[in-house]
Amino acid sequence: MNGIKIKDIYAGKPDAKDEINFEGVEEFLEAFVVPRNFDLDALCNGNKFFITGYKGVGKTALLFYLDRLLRNGDEATCTSFIFFKEEFTDLKKSQLDRFSKRLLASIYIENETLVNNSEFEYIWRWIFFKKLVEDNETFSDGIFVNDRNWSEFVKTVKSIHGPGTSKKYIIPSKLKVAMPISDKVAGTEVSPEINIDLNSKNEEGNLDKFIELVTLAETLLGKVKKTDIPYYLFVDELEAYFGDEQIFHRDLCLIRDMIFTIKRINSIFASAEMSNIKIICSIRTEIVNSISRNIVTKEMNKVVSGFEVPLRWNYNNTNSFSHPILQILLRRIFISEHNNGKRTEKELISDWFPDNIHEIDTASYILNNSWCKPRDIVRLITAAKGSLENESEKFSTAVFLALRKQYSLDSLEEIKEELRALYSTEDIEMIINCFNGFKSCMSVNELKERVEQLFKDTVLDKHFIQVLQDLYRVGIIGNCIPRLNMYRWNYKGDDGIIISDEWKIVVHQGLQAALSLGRRQDHYFQSKQPPRIGNIVNVTIESLNKSFLNISFLHYGKKQLGYIHISEISDKYIENLQDLFSAGDSLEAKIIEYDKKYSKWALSLIEIPQKEQSVKKVVERDNNEILSNCRNGLEFQKNNDEAKETVDRDYMREIHCWLEEANIKYQNEEGFTDISAAGSYIKGHKPDFNIKNLGYAKLSKLIEDFPERYITKKNRGKGNTENKVYKSIN
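Conventions we followed
- Residues numbered from 1 in each chain as written.
- Predicted model: local features only at pLDDT ≥ 70, side-chain atom pairs only at ≥ 80, totals over all residues.
- Heavy atoms only, no water.
- Pairing = 2+ DSSP bridges.
- Helix = DSSP H or I, 4+ residues; strand = E, 2+ residues; numbered from the N terminus.
- Buried < 20%, exposed > 50% of the residue type's maximum accessible area, 1.4 Å probe, protein only.
- Axes fitted to C-alpha atoms, helices over the stretch in contact; angles between N-to-C directions.
- Parallel < 35°, antiparallel > 145°, perpendicular 65-115°, else oblique.
- Left-handed = near helix turned anticlockwise from the far one by under 90°.
- Contact = heavy atoms within 4.5 Å.
- Nonpolar A, V, L, I, M, F, W, Y, C, P; charged D, E, K, R; others polar.
- Core = buried A, V, L, I, M, F, W, Y, C linked by side-chain atoms within 4.5 Å.
- Arc of directions from axis to C-beta.

Looking now at the sheet that holds strand β24 (residues 673-674). If you walk across this open sheet you meet the 3 strands as β24-β26-β25, and the pairing is antiparallel. Looking at strand neighbours, the two that pair on one side only are β24 and β25 (710-716), the edges of this open sheet. Here β24 runs beside strand β26 (residues 722-728); their pairing, made up of 2 bridges, is antiparallel. Residue pairing in the sheet places D674 in a bridge with V725 of β26.

The subject of this paragraph is unusual backbone geometry. Although it is not a glycine, S140 adopts a positive phi angle of roughly 55 degrees. Mapping S140 onto the fold places it in the loop between α6 (121-138) and α7 (148-158). Using a relative accessible area of 64% as the deciding quantity, one classes S140 as exposed.

Following both chains from N to C, one finds helix α15 (residues 374-385) and helix α16 (residues 397-419) inclined at 135 degrees, their axes separated by 8 Å at the closest point. The angle between α15 and α16 falls in the class oblique. Here α15 runs over α16; the crossing is right-handed. Counted together, R375, D376, R379, L380, A383 and A384 of α15 and V399, F400, L403, Q406, Y407, D410, S411 and E414 of α16 form the full contact between these two elements. Among the residues making up the contact of α15 with α16, the classes are represented as 7 nonpolar, 2 polar and 5 charged.

The strand order β19-β20-β21-β23-β22 describes a closed barrel built from 5 strands, whose pairing is mixed. Each strand axis lies, on average, 55 degrees off the axis of its neighbour in the sheet, ignoring direction.

Another point: the nonpolar core. Ranked by internal contacts, the top residues of the largest apolar core, which has 101 residues, are F395 and F435. For this core, the leading source of residues is α16, giving 7 residues. Those residues in contact with F435 that sit more than four places away from it in its chain are M442, L447, L471, I477, V507, L515 and L517. Of all hydrophobic cores here, the second largest spans 58 residues; its members include F139, V214, Y231 and I255.

Moving on: the packing of helix α12 (residues 324-337) against helix α13 (residues 345-352). Any two packed helices are characterised by how steeply their axes cross, that is the angle between the axes, and by the distance between the axes. Where α12 contacts α13, the axes come no closer than 11 Å and their chain directions differ by 90 degrees. By the angle class used here, α12 and α13 are roughly perpendicular. Along the contact surface, α12 presents Q327, L330, I333, F334 and E337, while α13 presents E345, L348, I349 and W352. Counted by class, the contact of α12 with α13 contains 6 nonpolar, 1 polar and 2 charged residues.

Those residues of helix α18 (residues 444-454) not exposed but buried are V444, E446, L447, R450 and V451. Within α18, the buried residues cover an arc of 165 degrees as seen down the axis, which keeps them to one side.

Here we take up the pairing of strand β20 (residues 548-555). Where strand β19 (residues 536-544) lies against β20, 4 bridges are found, and the strand directions are antiparallel. From the neighbouring strand, S543 faces β20, where its bridge partner is N550. Hairpin connection from β19 to β20: 3 residues lie between these consecutive antiparallel strands. Here 8 bridges tie β20 to strand β21 (residues 558-565), and the two strands are oriented antiparallel to one another. Looking at the pairing, S552 lines up with L561 of β21. Count of turn residues in the β20/β21 antiparallel hairpin: 2 residues, of which Y556 carries a positive phi of about 50 degrees.

Pasting the structure below:
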């Protein structure tokens, strides 16, 4: 350790522009990490020019990184930025000017401007043409060859006058256009100005004059020649928030037409064979979804997907510190230590992180509470620095406990911002309230019942499936099958929520503290409700006859009685259940109804694939073969047990129950549990537990001896060590 504490770690800011504003350009670039799968070359040298991704993935940060990368490749490179309603402080502006040949400009859109318009392509073309002219002048006419075509292009663009300066563009409602008139007799030319009302569709508004000039400028741009000096114009994402309906609709149309205009101008550059010139724009995925939902898209998705490089940080093949998101965390700790590269990554991890948090591998624990976005790490460090444990010299369990609530609250606010492109503030609060204090894991029907009972006639009630799809896409909820320990998340590449009885809805781990959710609340709610039809439960055969299995199962500690009729065992003919089952056998069955006549639950094995397949194999043989095989099977099992050690069957069944409970309690996102954590869990409930009494040297050996019940594998732990983990198949 270098003596620094958590409060000394460089956190940065959630927004790249803020980080540059308050921390500085050099500090920002030093802490930046690029995901390994991102195709930088396609943006710099290929035909891609859109950077897409959800809020918080680092699109704006990547624009600044590209700027540095391109200028390092060629010192003569000229770059320019356009931001929307954003301005850097004067101090940082001067720092940026000294740092490189970079221009900064902002575009401002007043709320009352063009609220009734839905077509903005010509306005965008004029703004971008104006930017090209002004940047060329700023860079001493070094970008384009100053020939006749360029002069005509400049003259045409400058004949259109609007508000604003070269540092601040304003999308106007009205413009003025200079219309040259020549007097051949006198040999003079005058340029009287006419007013153009961009809100007007009639001839008096002179809109046709504006369109004519922009079209002429576009034609001339295709004829100009470019110099050898590289030029890149970076455009940051334009936001749109669901509020005033007219303004929201206008902003979506503005973004749509800006995207089409950027593609159009880049196509002109390519057609004219201009090299090393491009407009690169960042686009928020949720804004594109909102455009597709709310306005005419003009094949929006086709345009974006054909020229985009998605910015994603999800790596499903690793839950270790090699994950790019955790590399950002390590990088920020590293630069905070000022150790000049003397410490290895292995030493950094060993000094700053324990092996496990709540008996979960630390890397997996952090990733499980994130959305695989760089901004998650900023929130994590910021919450840690503001916690009561900020004097700590490592990220201990106590630190994670101290930061958990604030991190969760900040994460919830971030996702609310994401939803503002789709819903009003009131609707968002109502949606959040529906989940607040309810359950972390629920069926679709359970949520539907809650909505119908408490949120009738709201957007949740009227557009239930659409809301779930949106919440899944932004990461508030995911899918899971608890008994199989299977999870689906949009940010991990699992497209589209599954609406079914089998797949449940689970609230993201990182939001549960903010929403007052957790296992304790889930246990309370479930214990107050009867078993649900469709649930799959573990049952024990109490007694049986030729046609019925009388069974029992536990529902949150309460014994429930039921039966399985011979017709619900298999779709094959069975003569006598006593040939197949015995009292005391354990089975997995599906609840199909509650029989009020007998006050018992009716269950079925038919829809349990593994059990049904096992039964089918048996019933396809004749009765004599069945009995013979059963006897042989029992004899084989007896010999097999004697080879290991005679073990009481009830005791072994109890051990399996503890293993399955430990798997549920300590599972990671992939559904696996560290075997050492399972051993501690069993020991906590059975202090006299000793695996050697069961004839095994290690608990892992027992688990591996039951491949029909468990899947095992090795996970990379701290450094180069490997931990054995398991997952219950049932």
